Amino acid sequence: MQKITRYATPTGGRPFPPFSMAVRHNGTLYVSGLGPLDAQGTIARGDFAAQFAQVIENLKTVLADAGADMTRILKTSVLLVRATDVPEMNRLYAAAFPAEHLPARTTSVVSALPVPDFLLEIEAFVAVE
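Note that the coordinates shown come from a computational prediction; the quantities given were computed from them, not determined experimentally.

Parameters at a glance
- Residues numbered from 1 in each chain as written.
- Predicted model: local features only at pLDDT ≥ 70, side-chain atom pairs only at ≥ 80, totals over all residues.
- Heavy atoms only, no water.
- Axes fitted to C-alpha atoms, helices over the stretch in contact; angles between N-to-C directions.
- Helix = DSSP H or I, 4+ residues; strand = E, 2+ residues; numbered from the N terminus.
- Left-handed = near helix turned anticlockwise from the far one by under 90°.
- Contact = heavy atoms within 4.5 Å.
- Expected span 1.5 Å × (residues − 1).
- Buried < 20%, exposed > 50% of the residue type's maximum accessible area, 1.4 Å probe, protein only.
- Arc of directions from axis to C-beta.
- Polar contact = N/O pair within 3.5 Å; in protein donor to acceptor, adjacent residues only side chain to side chain.
- Pairing = 2+ DSSP bridges.

Undergrad: Outline the packing of helix α1 (residues 48-65) against helix α2 (residues 86-96), supporting the account with residue identities and numerical values.
TA: At their nearest, the axes of α1 and α2 sit 11 Å apart, and the two run at 35 degrees to each other. In this structure, α1 meets α2 at a crossing whose hand is right-handed. Between α1 and α2, the contacting residues are F48, A49, F52 and I56 on the first element and E88, M89, L92, Y93 and A96 on the second.

Below, the structure is given as structure tokens:
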């Protein structure tokens, strides 16, 4: 049976919500939808660019914990709560991901995310060694 490794960044996990930040099985890392909480649990309320930057930092942290980086991302799903943020998201996304390693992507506009102040979440599938 193949080993399954679970990552709960920050170290030690958290009591709520009850999920792993990422799960590794065989050569794939499945990264949960990451929101814009910083290490102190704060959110840049209403500031899409700041929230996007925090989500990317959170993604990089999870990837580093699993021994991967942004170039290994196969696919992302971006969830937005405001359709008006799509152009800004595209601009920020293009700056965050290396052009030669752009992952496949699905972008969806949803009515809400579990934390009311979240303007976005990003999940990812990642190739790992």
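From this point, the discussion proceeds with the structure in view.
Undergrad: A description of α1 should follow, citing residues and the corresponding values.
TA: Taking 1.5 Å of rise per residue, 18 residues should cover 26 Å, and α1 covers 26 Å from first to last C-alpha, within 8% of that figure. Looking only at α1, the buried set comprises F48, Q51, F52, V55, I56, N58, L59, V62 and L63. One side of α1 holds all its buried residues, which, seen down the axis, span an arc of 160 degrees. In this structure, the buried side of α1 is in contact with β2 (22-25), β3 (28-34), β4 (73-80), α2 and β6 (120-127). For α1, the N-terminal capping position is held by D47, with its side-chain oxygen 3.3 Å away from the main-chain nitrogen of A49. Just downstream of α1 lies G67, where phi reads positive at about 80 degrees.

Undergrad: So what about α2? Which residues, and what values?
TA: The set of residues buried in α2 consists of M89, L92, Y93 and A96. Mapping the buried residues of α2 onto a view down its axis gives an arc of 105 degrees, with all of them on the same face. Of the residues in α2, the exposed ones pointing more than 90 degrees away from the buried face are P87, A94 and A95. Where α2 is buried, its residues meet α1, β4 and β5 (104-109).

Undergrad: I'd love a proper account of the pairing of β6, names of residues and values included.
TA: When you tally the buried positions in β6, you get six out of eight residues, the bulk of the element. Summarising the sheet, β3 and β6 pair through five bridges and their orientation is antiparallel. Residue pairing in the sheet places Y30 in a bridge with F125 of β6. Strand direction decides the pairing type here: β4 and β6, joined by seven bridges, are antiparallel. In the sheet register, L80 faces β6, and the bridge partner there is L120.

Undergrad: So what about the sheet that holds β2? Which residues, and what values?
TA: Pairing between the strands of a sheet comes from backbone hydrogen bonds, and it takes one of two forms, parallel or antiparallel. Taken together, the six strands give an open sheet; going across it, the order is β1-β2-β3-β6-β4-β5, and neighbouring strands pair in mixed fashion. At either margin of the open sheet sits one strand with a lone partner, and together these are β1 (4-7) and β5. Strand-to-strand twist of the sheet, defined as the mean angle between neighbouring strand axes without regard to direction, takes the value 10 degrees. Together, β1, β2, β3, β4 and β6 form the strand contacts of α1, whose direction differs from that of β6 by roughly 30 degrees. Packing of α2 onto the sheet brings it into contact with β4 and β5, and relative to β5 it is tilted by some 155 degrees.

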